[in-house]
Amino acid sequence: DSVDVDSPKVLRASAGQWFRVATAVSQDLKATVAQSQQAGMQVVATLPTATLTYWDVDWRKPSLILLGNEGAGLSPDLASMADKQVKIPLSPGVESLNVAIAAALMMYEAQRQIIRNS
């Protein structure tokens, strides 16, 4: 229940990365999460109440990241399916990050771990 990945606004905002990164649309996200777990992927959900920080995850493992929207966050149903729940620590006075920034931080950490350990 989010923005259409093929919308012109998404294409412009991606600065061309839309053509480089594989995307998928799921009509049943819970089923997709379960299938990913059965395929051996770790499912990591972002929650502000989590005790684990995103840099404590071993991102060298195949992973599926669940991100909620800025206003409502991740649904409790999806959060409960995750193998790990992580937070992104925020500075005092910062209420939230938009989903693009949250995703970028986590993907940067994954790339950093992969490069460091290769």
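Residues numbered from 1 in each chain as written. Predicted model: local features only at pLDDT ≥ 70, side-chain atom pairs only at ≥ 80, totals over all residues. Heavy atoms only, no water.

Asker: Residues and numbers for the sheet that holds strand β1 (residues 42–46), please.
Answerer: With parallel pairing, four strands are arranged side by side in an open sheet as β2-β4-β1-β3. Whereas interior strands pair on both sides, the edge strands pair on one side only; in this sheet they are β2 (52–53) and β3 (63–66). As paired elements, β2 and strand β4 (residues 84–87) share two bridges and run parallel to each other. Across the sheet, residue threonine 53 finds its bridge partner in β4, namely lysine 87. (Pairing = 2+ DSSP bridges. Helix = DSSP H or I, 4+ residues; strand = E, 2+ residues; numbered from the N terminus.)

Asker: Residue-level account of the pattern of salt bridges, with values.
Answerer: Going through the model one piece at a time under the given rule, you end up with three salt bridges. Between aspartate 77 and lysine 30 there is a salt bridge, with the nearest N and O atoms lying 2.9 Å from each other. Highlighted residues: aspartate 77 in helix α3 (residues 76–81) and lysine 30 in helix α2 (residues 29–38), separated in sequence by 47 residues. Judged by relative accessible area, which is 40%, lysine 30 ranks as partly exposed. (Salt bridge = Lys/Arg side-chain N within 4 Å of Asp/Glu carboxyl O. Buried < 20%, exposed > 50% of the residue type's maximum accessible area, 1.4 Å probe, protein only.)

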